[in-house]
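Remarks on the overall topology
This is what each chain is made of:
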Amino acid sequence: MSTGSETDTRDSTDGVLAEQLLRLTRRLHRIQKRHMEPLGITPAQGRLLRIVAHYAGGQPPRMADLATRLEVVPRAVTTLVDGLEAVGCVRRAPDPANRRVIRIELTETGRATLRRLRNARTDAAEEILAPLTAEQREVLGGLLNALADVPAERRC
């Protein structure tokens, strides 16, 4: 049986951990954004590029598929695609089976941008993980996997 003080301590610890994770997430986002700036794309556009490049299903994704994967409204995907299309990273193409459906294809420029994006993300990761030893990084990886792999029924 838990006492009130044990519950208070756990709640306090969980609250501190949650705040630390939020601060870390914001820091990671800032660092990634800084490393991606020279590429001329935002972190959200980078994520969309990765999804288009690795989309399962045998054909390029539809705008609705991208909205679902990104967990955003379709209008947000339109804005991201517009920006990436303007710099030549993606193109809109009609679906051969249904001309009303538009699919998003990666261009050669998009593939080259993805390669540079991987390097920028690696540089950002190295910067943020620099204070940790190899052993600490391995422990952190295990902890993050444990948190990321929580079964759906246990998620908030």
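Presented here is an overview of the structure given in this document. Note that the structure is a prediction, hence the values are computed from the model and not measured.

Rules used throughout
- Residues numbered from 1 in each chain as written.
- Predicted model: local features only at pLDDT ≥ 70, side-chain atom pairs only at ≥ 80, totals over all residues.
- Heavy atoms only, no water.
- Helix = DSSP H or I, 4+ residues; strand = E, 2+ residues; numbered from the N terminus.
- Core = buried A, V, L, I, M, F, W, Y, C linked by side-chain atoms within 4.5 Å.
- Buried < 20%, exposed > 50% of the residue type's maximum accessible area, 1.4 Å probe, protein only.
- Contact = heavy atoms within 4.5 Å.
- Expected span 1.5 Å × (residues − 1).
- Arc of directions from axis to C-beta.

Observations concerning unusual backbone geometry
Keep in mind that most residues, glycine aside, have a negative phi and that most peptide bonds are trans. In the Ramachandran plot, E71 falls in the positive-phi region, its phi being about 60° despite a non-glycine side chain. Relative to the assigned elements, E71 resides in the loop between α3 (63–70) and α4 (74–86).

Topic: the nonpolar core
Within the largest apolar cluster, 22 residues are counted, with the highest numbers of intra-cluster contacts made by L48, L49, L66, V77 and V81. Of all the secondary-structure elements, those providing two or more residues to this core are α2 (43–53), α3, α4, β2 (102–106) and α5 (108–129). Residues contacting L49, with those up to four places away along its chain left out, are I41, L84, C89, V90, L106, T113 and L114.

Let's talk about the side chain of D65
In this structure, D65 sits in helix α3. What makes D65 buried here is its relative accessible area of 12%. Sequence-distant contacts of D65, that is, excluding residues within four places in its chain, are made with Y55 and R103.

Some points on α4
For α4, built from 13 residues, the straight-helix expectation of 18 Å at 1.5 Å per residue is met to within 8% by its first-to-last C-alpha distance of 18 Å. Within α4, burial applies to V77, L80, V81 and L84. The buried residues of α4 occupy an angular sector of 95° when the element is viewed end-on, so they sit on one face. Opposite the buried face of α4, by more than 90 degrees, sit the exposed residues R75 and A86. Elements that come into contact with the buried residues of α4 comprise α2, α3, β1 (90–94) and β2. Positive phi appears at G88, one or two residues downstream of α4, with a value of about 80°.

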